[in-house]
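If you want the building blocks of each chain, they are given just below.
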2 protein chains.
Amino acid sequence: MTHTAPTPTRVPPVSDAATTWQRILLLTARVENKLATVLQRRHGIGLSEYRALGHLATSPTSELRMQELADKLGLNQSSVTRLVARLNAADFAYRDLCADDKRGVYAVITDTGRARYAEASHTYEETLSGALEEEGRADPRLAAALTAMGALS
Amino acid sequence: MTHTAPTPTRVPPVSDAATTWQRILLLTARVENKLATVLQRRHGIGLSEYRALGHLATSPTSELRMQELADKLGLNQSSVTRLVARLNAADFAYRDLCADDKRGVYAVITDTGRARYAEASHTYEETLSGALEEEGRADPRLAAALTAMGALS
DNA sequence: TTTGTATGCATGTACGTGCAAGTTTTGCGC
DNA sequence: GCGCAAAACTTGCACGTACATGCATACAAA
């Protein structure tokens, strides 16, 4: 008889769902990376900063509670505390205490912040749709999915 | 005539592509978070560790060059240096020098690592498909897109 | 061989984020 | 009114990652 090597654990095969999920993650990583790089180079702001400004700028009152902003960004409270601190340091936003609920804090966008966002949004939109089109060309199945979701026209 | 407030910059509307992209990001954040939490709680390993083990385990030689691993994971080379160091500390992998190219380093999975991956993969696969189904139910357009890509059956 | 350049990693450092703990305020039951 | 849990933030700390740099090796040209 032949020697049997000390059998290493059999590893179950990777499912289609997991494989596809990996593709999705690599896609988002590439796109997010490109967005971050371009935004930083051309406008000197990060991705979270940009998106925070976007939410604040499109708020009817130009302000948002910290927790609201956290939810919209998919970050937690403490991250938003520091994010708003950075925006404040750059004069893109300031903190304002709620009169009615003294626990609450509003993040309010400044005109400077609004202007910076307006400039950057052109870059952001262009870069995003460009990147998505490119990804779509490289993977027709992805293109179909993105179109179905409204990210590609 | 009426007073005109000091006109703040007009902010261009957010495109459909950007809105959809945000939905995709929030989706991936939720799913990745759930995966990370469950994997950490039930098996004591992080997401990057799990995926690295997966790539190593499914490699025909049970090993990968550092840079290869970085590409597959969507991380950069320095992150992988530290990732493999963590795997090494946990006895899930070890570093092996290439004989032919003395610059090169292989990350090699151990039987312990392979076993841990095999255990965790059940959890991972279940959690992933569960999360995707749930997301799909909450958003039919997303369900269609995920199905088109092969992530949902 | 020697020189110059590229490749493959490792290390120092900085940054953004999450978690846990702490503070202040609110609201509720009594 | 009083106590007390919950809510809204902030802060300390640790972790994972990226970028820049450095080092050793490989390769090509002279």
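## A closer look at the protein's contact with DNA strand D
Item 1. Taken together, 21 residues lie around DNA strand D, and Gln67(A), Ser78(A), Thr81(A), Ser79(B) and Lys102(B) are the ones closest in.
Item 2. Listing elements by their share of the surface near DNA strand D, those giving two or more residues are helix 3 (66–73) and helix 4 (77–89) of chain A together with helix 4 (77–89) of chain B.
Item 3. Examining the composition of the surface near DNA strand D, we find that 4 residues originate from one element, helix 4 of chain B, more than from any other.
Item 4. Its residues assigned to classes, the surface near DNA strand D shows 4 nonpolar, 10 polar and 7 charged.

## Description of the sheet that holds strand 3 (residues 105–109) of chain B
All names here are of chain B.
Item 1. Ordered in space as 1-3-2, the 3 strands form an open sheet in which the pairing is antiparallel. Both edges of this open sheet fall to strand 1 (63–65) and strand 2 (93–97), since each of them pairs with a single strand only. For this sheet, the mean angle separating the axes of adjacent strands, direction not counted, is 30°.
Item 2. Here 5 bridges tie strand 2 to strand 3, and the two strands are oriented antiparallel to one another. Bridge pairing in strand 3 places alanine 93 opposite isoleucine 109.

## Considering the relation of the copies chain A and chain B
Item 1. Least-squares fitting of chain A to chain B yields an RMSD of 0.1 Å, with the superposition described by an axial translation of 0.0 Å and a rotation of 180°. Given the turn and translation reported, the copies of this chain are related as if by a two-fold rotation axis. Across chain A, the smallest distance between a C-alpha and the rotation axis is recorded for Ala145(A), namely 2.1 Å.
Item 2. A high fraction, 100%, of the interface residues of chain A reappear at the interface in chain B, so the copies pair face to face through one surface.

Criteria and cut-off values
- Residues numbered from 1 in each chain as written.
- Chains lettered and ligands numbered in written order.
- Predicted model: local features only at pLDDT ≥ 70, side-chain atom pairs only at ≥ 80, totals over all residues.
- Near = placed C-beta within 6 Å.
- Helix = DSSP H or I, 4+ residues; strand = E, 2+ residues; numbered from the N terminus.
- Nonpolar A, V, L, I, M, F, W, Y, C, P; charged D, E, K, R; others polar.
- Pairing = 2+ DSSP bridges.
- Axes fitted to C-alpha atoms, helices over the stretch in contact; angles between N-to-C directions.
- Least-squares fit on C-alpha atoms with pLDDT ≥ 70 in both.
- Contact = placed C-beta atoms within 7 Å.

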